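Inside the fold
Now for the letters of each chain:
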Amino acid sequence: MPFCPECGAPSNIGDPYCGECGAPQDNLINPSVASAGPARTGVMSMTGSGNTPSGIQLAPGTLLVDRYKIVKRIGGGGMGSVYLAEDLNLASRSVAVKEMIEMFADESARSKAIEDFKRESELLAKLDHPSIPTIYQYFFDTNRGRYYLVMKYIDGGDLANRQRATGGKVDELTVTKWGIDACDVLDYIHTQVPPIIYRDLKPANLMIDGRTNRVMLVDFGIARFVAPTQKGVTAIGTMGYAPPELFAGNVEARSDIYSLGATMFHLMTGHDPQDNPLLIFDFNKNPKPRQLEPEISEEMEEMIIRSVEHKPENRFASAKAFGQALQDHLRYLQEGRRYELNPQMFETVQTPGLVLNIAANSCVNCGRELANDDVFCAFCGSRQPAKRT
């Protein structure tokens, strides 16, 4: 059987695209002409641009560093695969093994991919939060020429799969709970010093821990530590979920708030922002959430509209503020108690056609709470707007 030249998945002769990663199948790999790798690896090798074995996925039973036994491939794409494996040193505990293969057009692309992979490993190793998968090991396999990251296995599936399983829409109560978990982990990474901006939040990158039922933030491959005044950041994200400022090379904590709002919009309405990435959140020209799904409450619609505002200063001031609003909304959904935004935390800012609320005592960059007379943030050093009253 031939294999996809991008991700290594089995393919059929005559298929125009790979069923796993969507890559064109012009040059299928025929295992009969690929050189065999070491017998114990269970994987055939080929030469990529980096002169290292790449292109074929690991077979079940493959043993990595005499410790991790591959069970099956559970995800991935053109850059590599993610596998379910057993840790033979710890009672065959299930782990996720993320692999990066070296199959790049040029040396600069290869170097950047390796840099991003190492960054993800080092970043995850420094973080400790119940919604961030624990990292166990990072290593380079010289026999295969591949980098591996071993982390906690999340067995509850991602939100994109959950959405498909419910017919394309998810109920408001469930999305509210997911949003609270997402805000909690975003607040954690945004308040690191310097702040970490995730930059690619979408349903496929939020998973459910089957044991705790908690939302988990996965795939930190393009997350960045961002200095308060840093500009010109590489514009990487998913169209439709990525905020406008990201494509201008600017990124900040409220960029992730936009992506979370876009994610919640998609989950509840069933309308994918990628289908109309440039205009879908221009509600002067396109339907508001309740016009697409009348079951959505007015309060939830207001929060979604706020979170996907074109200008960052018109969104929730921080993930913490967004999360607090969602917690109030959860109590309303569960107990029927009406609520209003805390006037001590928000000040009213008038914008054309809409009244928005911006936190009065939070840093405009990292979202940490400040004194009313602070000119600079004590946590990230960012200069604040004119003195607040």
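Just above, that's the structure.
In what follows, the accompanying structure is described.

Definitions and limits used
Residues numbered from 1 in each chain as written. Predicted model: local features only at pLDDT ≥ 70, side-chain atom pairs only at ≥ 80, totals over all residues. Heavy atoms only, no water. Helix = DSSP H or I, 4+ residues; strand = E, 2+ residues; numbered from the N terminus. Buried < 20%, exposed > 50% of the residue type's maximum accessible area, 1.4 Å probe, protein only. Contact = heavy atoms within 4.5 Å. Areas by Shrake-Rupley, 256 points an atom, 1.4 Å probe, with all protein chains shown as cover. Polar contact = N/O pair within 3.5 Å; in protein donor to acceptor, adjacent residues only side chain to side chain. Axes fitted to C-alpha atoms, helices over the stretch in contact; angles between N-to-C directions. Parallel < 35°, antiparallel > 145°, perpendicular 65-115°, else oblique. Left-handed = near helix turned anticlockwise from the far one by under 90°. Nonpolar A, V, L, I, M, F, W, Y, C, P; charged D, E, K, R; others polar. Pairing = 2+ DSSP bridges. Core = buried A, V, L, I, M, F, W, Y, C linked by side-chain atoms within 4.5 Å. Patch = residues over 30% accessible without salt bridge, like charges linked within 9 Å, V, L, I, M, F, W, Y side chains within 5 Å. Salt bridge = Lys/Arg side-chain N within 4 Å of Asp/Glu carboxyl O. Expected span 1.5 Å × (residues − 1).

**Topic: the overall build of the protein**
- The helix and strand inventory of the protein stands at seven helices and twelve strands.
- Burial analysis of the protein (389 residues in total) assigns 52% to the buried set.
- Within the protein, contacts between residues separated by at least 24 positions form 53% of all contacts whose residues are at least 6 apart in sequence.
- Split by element, the accessible area of the protein, about 18200 Å² in all, is 50% carbon and sulfur.

**Overview of the environment of His 129**
- Its place among the elements puts His 129 in the loop between helix H1 (107-126) and strand S5 (135-141).
- With 60 residues separating them in the primary sequence, His 129 and Ile 189 have C-alpha atoms 9.1 Å apart.
- Setting aside chain neighbours within four positions, we find His 129 in contact with Asp 184, Val 185, Tyr 188 and Arg 214.
- At a separation of 3.0 Å, a polar atom in the side chain of His 129 contacts the side chain of Asp 184.

**Notes on the packing of helix H4 (residues 253-269) against helix H6 (residues 298-307)**
- Following both chains from N to C, one finds H4 and H6 inclined at 140°, their axes separated by 8 Å at the closest point. In terms of axis orientation, H4 runs oblique to H6. H4 and H6 meet at a crossing whose hand is left-handed. Residues Ile 257, Tyr 258, Gly 261, Met 264, Phe 265 and Met 268 of H4 lie in contact with H6, whose contacting residues are Met 300, Ile 304 and Ser 307.
- By residue class, the composition of the contact of H4 with H6 is seven nonpolar, two polar and no charged.

**Re the pairing of strand S4 (residues 93-100)**
- In terms of burial, S4 is largely enclosed, as six of its eight residues are buried.
- Across six bridges, strand S3 (residues 80-87) lies against S4 in antiparallel orientation. Residue pairing for S4: Val 82 is matched across the bridge by Lys 98.
- Here S3 folds back onto S4 in antiparallel fashion, the turn holding five residues, of which Ala 91 has a positive phi close to 55°.

**Topic: the nonpolar core**
- Counting 57 residues, the largest nonpolar core has Ile 189, Leu 217, Phe 220 and Phe 322 as the members making the most contacts within it.
- Among the elements that line this core, the one with the most residues is helix H3 (residues 172-190), at nine residues.
- Ile 189 has contacts with Leu 127, Ile 132, Pro 195, Ile 196, Tyr 198, Leu 217, Phe 220 and Asp 256, leaving out every residue within four places of it along the chain.
- Judged by nonpolar contacts, the second largest core, of eleven residues, contains Leu 64, Tyr 83, Ala 85 and Phe 139.

**A short note on unusual backbone geometry**
- In this model, Val 193 is joined to Pro 194 through a cis peptide bond whose omega is -5°.
- Residue position: Pro 194 is located in the loop between H3 and strand S7 (196-197).
- The residue Asp 66 is not glycine, and still its phi comes out positive at about 55°.
- Mapping Asp 66 onto the fold places it in the loop between strand S1 (63-64) and strand S2 (68-77).
- Residue classification places Asp 66 among the exposed residues on the basis of a relative accessible area of 54%.
- Even without being glycine, Ser 92 reaches a positive phi, approximately 60°.
- Tracing the backbone shows Ser 92 in the loop between S3 and S4.

**Section: the packing of H4 against helix H7 (residues 319-335)**
- At their nearest, the axes of H4 and H7 sit 10 Å apart, and the two run at 30° to each other. Between H4 and H7, the crossing angle belongs to the class labelled roughly parallel. Classified by chirality, the crossing of H7 by H4 is right-handed. Listed contacts from H7 to Ile 257, Leu 260 and Met 264 of H4 are Ala 319, Phe 322 and Leu 326.
- Within the contact of H4 with H7, the residues separate by chemical class into six nonpolar, no polar and no charged.

**Remarks on a nonpolar patch on the surface**
- Among the surface-exposed residues, Met 239, Phe 247, Leu 278 and Leu 279 lie close enough to one another that they form a single nonpolar patch of about 400 Å² accessible area.
- On the basis of relative accessibility, which here comes to 39%, the residue Phe 247 falls in the partly exposed class.

**Quick notes on H4**
- Over its 17 residues, H4 runs 25 Å from end to end, which matches the ideal 24 Å to within 8%, given 1.5 Å per residue.
- The buried fraction of H4 amounts to 17 of the 17 residues, a majority that puts the element mostly inside the structure.
- Among the residues trailing H4, Gly 270 stands out with phi positive, at a value near 80°.

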